[in-house]
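Observations on the three-dimensional arrangement
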Amino acid sequence: MKVTLVYDNTASKTGLLPDHGFSCFLEIENTPRILFDTGTRGETLLHNMQQLGVDPAAVDIIVISHAHWDHTGGLNALLRVNQTAILYLPSSFRPSLPDRRVVEVTTPIEITSNVFSTGELMRVEQSLVIKTNTGLVVISGCAHPGVDAILKAASSYGKVSALIGGLHGFREYDLLKDLDLVCACHCTANKAQIEAHHPDKWVEGGVGTIIEL
Ligand SMILES: [Zn+2]
Ligand SMILES: [Zn+2]
């Protein structure tokens, strides 16, 4: 599978716009195309997607992690150019979206084959869990429920091997010791410390970062 960061606080290539917020595009073999979160500004989201060759109209599934503006801000602009995607929204986020197929998420569910939601943890935020041949890939928006709770919920689907996304104030660095890959970006406060504890697992984030798993 391939994860492309299309919205992040930093950018890894010129021509891409960094901005506070998070969004990533997931391409998984034989699976609908998924956009996880939509960043803060629609214009910035669509610019970065275009620069990275991601067609917004071809997104099949939109998953929103939680109701904060830096994850939902680009949603309306995206829906203007995409009429067909199914939305998986945490129940704490209730935008008015006429004529859209919306799945309200509270408990853990299968979104499509090999792709799951942890469910809306602490009634705030869902994370994505993707089953791959080398273990589970977990995608986090801000990790408000805590990395511990997210990894525990994901572990009900198998062994977690990778964690990608915003980790907020996370500092229980030992929790990551059994993972193969960590890309902590967006709101992660302690990036340098996470990298220092796990230099062998660390992947630097930023708009334009592509992770193949
Ligand atoms: Zn955030
Ligand atoms: Zn947040």
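Residue numbers restart at each chain and count upward from 1, following the sequence in its written direction. As a convention, the first chain written is A and the first ligand written is 1, with the rest following in written order. For a predicted model such as this one, the threshold for reporting local features is a pLDDT of at least 70, and the threshold for listing and counting side-chain atom pairs is 80 or more; totals across whole chains, interfaces and linings nevertheless cover every residue. Computation of side-chain values covers all heavy atoms of the structure but excludes hydrogens and water.

So, the overall build of the protein
Quick reminder of the rule: Only DSSP runs of H or I reaching four residues or more are called helices, and only runs of E reaching two or more are called strands; each is numbered from the N terminus. Two things to know: the radius of gyration comes from C-alpha atoms, and the globule rule equals 2.2 Å times the number of residues to the power 0.38. Only protein chains enter the calculation, and the probe is 1.4 Å; a residue is then buried if its accessible area is under 20% of its type maximum, exposed if over 50%, and partly exposed in between. Every residue pair with non-hydrogen atoms within 4.5 Å of one another is taken to be in contact. Only the protein chains shown count as cover for residues, and the accessible areas themselves come from Shrake-Rupley with a 1.4 Å probe. Positive charges come from Lys and Arg, negative ones from Asp and Glu, while His and the chain ends are left out of the count. Charge positions are represented by NZ for Lys, CZ for Arg, CG for Asp and CD for Glu.
Assigned secondary structure in the protein consists of five helices and 13 strands. Its C-alpha radius of gyration of 15 Å places the protein within 12% of the 17 Å reference for a compact globule of 213 residues. Counting only C-alpha atoms, the protein reaches 45 × 40 × 30 Å along its principal axes. Taken over 213 residues, the protein has a buried fraction of 56%. Residue pairs in contact within the protein that sit at least 24 positions apart in sequence constitute 54% of those at least 6 positions apart. Of the accessible surface of the protein, which amounts to about 9,200 Å², a share of 49% is contributed by carbon and sulfur atoms. When the 16 basic and 23 acidic side-chain charges of the protein are each reduced to a single mean position, those positions are 2 Å apart.

Comments concerning the packing of aromatic side chains
For clarity, the cut-off: Classification of ring pairs rests on two measures: the distance between centres of Phe, Tyr or Trp rings, Trp counted by its six-membered ring, which must be within 6.5 Å, and the angle between planes, read as stacked under 30 degrees, edge-to-face over 60 and tilted in between.
Within the structure shown, the criterion is met by three aromatic pairs. Geometrically, the ring pair formed by Phe170 and Tyr173 is edge-to-face, given 5.9 Å between the ring centres and 85 degrees between the ring planes. The two residues Phe170 and Tyr173 agree in class, both being buried.

What to know about unusual backbone geometry
Of note in the backbone geometry, Asn30 takes a positive phi value of approximately 55 degrees without being a glycine. One non-glycine residue with positive phi stands out, namely Asp37, at about 65 degrees. With respect to the secondary-structure elements, Asp37 resides in the loop between strand S3 (34–36) and helix H1 (42–51).

As for the coordination of the zinc ion (ligand 2)
Rules: Because no water is among the atoms considered, metal sites can look incomplete, with donors defined as N, O and S atoms within 2.8 Å of the metal, or 3.2 Å for Na, K and Ca. Square planar and octahedral sites, with four and six donors, are those where opposite donors lie more than 155 degrees apart and all other angles lie between 65 and 115, tetrahedral sites have four donors with every angle between 85 and 135 degrees, and the rest are irregular.
Binding of the zinc ion (ligand 2) to the protein goes through His66 (NE2), His68 (ND1), Cys142 (SG) and His144 (NE2), at separations of 2.1 to 2.6 Å. Classification of the site at the zinc ion (ligand 2) as irregular follows from its four donor atoms and the range of 89 to 173 degrees in their angles at the metal. Read in sequence order, the donor residues coordinating the zinc ion (ligand 2) give the pattern H-x1-H-x73-C-x1-H. The class of His66 is buried, set by a relative accessible area of 1%.

Points about the side chain of Asp70
To be explicit about the condition: Throughout this description, the term salt bridge denotes a Lys or Arg side-chain nitrogen within 4 Å of a carboxyl oxygen of Asp or Glu. Distance and chemistry together define a polar contact, namely a pair of N or O atoms within 3.5 Å, with one atom able to donate a hydrogen and the other to accept it when in protein, and with adjacent residues in sequence counting only for side-chain atoms on both sides.
The topology assignment puts Asp70 in helix H2 (residues 69–72). Comment: no salt bridge for buried Asp70; closest opposite-charge side chain is Lys191, at 12 Å. A polar side-chain atom of Asp70 sits 3.0 Å from a polar atom in the side chain of His186. Each residue touching Asp70, except ones within four places of it in the same chain, is listed here: His20, Gly21, Phe22, Gly39, Thr40, Cys142 and His186.

Describing the nonpolar core
For clarity, the cut-off: Remark: nonpolar core denotes a set of buried residues (Ala, Val, Leu, Ile, Met, Phe, Trp, Tyr, Cys) joined through side-chain atoms within 4.5 Å.
Counting 26 residues, the largest nonpolar core has Val3, Leu26, Leu128, Ile130, Ile139 and Ile164 as its most contacted members. Beyond its immediate sequence surroundings of up to four residues, Leu128 is in contact with Leu26, Ile34, Phe36, Val63, Ile111, Val115, Phe116, Val137, Val138 and Ile139.

With respect to the sheet that holds strand S2 (residues 23–27)
Worth spelling out the cut-off: At least two DSSP bridges between two strands are needed for those strands to be called paired. Helix axes are fitted to C-alpha atoms over the stretch in contact, other axes to C-alpha atoms as well, and angles between N-to-C directions run from 0 to 180 degrees.
Read across the sheet, seven strands follow the order S6-S5-S4-S3-S2-S1-S13 without closing on themselves; strand pairing throughout is mixed. Bordering the open sheet on either side are strand S6 (102–105) and strand S13 (210–212), each of which pairs with just one other strand. Averaged over all adjacent pairs, the angle separating strand axes in this sheet is 20 degrees, with direction ignored. Contacts from H1 reach strand S1 (2–7), S2 and S3, with the element oriented near 140 degrees to S1.

Comments concerning the coordination of the zinc ion (ligand 1)
On the protein side, the zinc ion (ligand 1) has Asp70 (OD), His71 (NE2), Cys142 (SG) and His186 (NE2) as donor atoms, found 2.1 to 2.3 Å from it. In this structure, the zinc ion (ligand 1) is surrounded by four donor atoms whose angles at the metal cover 89 to 152 degrees, and the resulting shape is irregular. Mapped onto the sequence, the donors of the zinc ion (ligand 1) take the spacing D-H-x70-C-x43-H. A spacing of 3.6 Å is found between the zinc ion (ligand 1) and the zinc ion (ligand 2), which share Cys142 as a donor. Residue Asp70 is found in helix H2, and its partner His186 is found in the loop between strand S12 (181–185) and helix H5 (191–197); the two are separated by 116 residues along the sequence.

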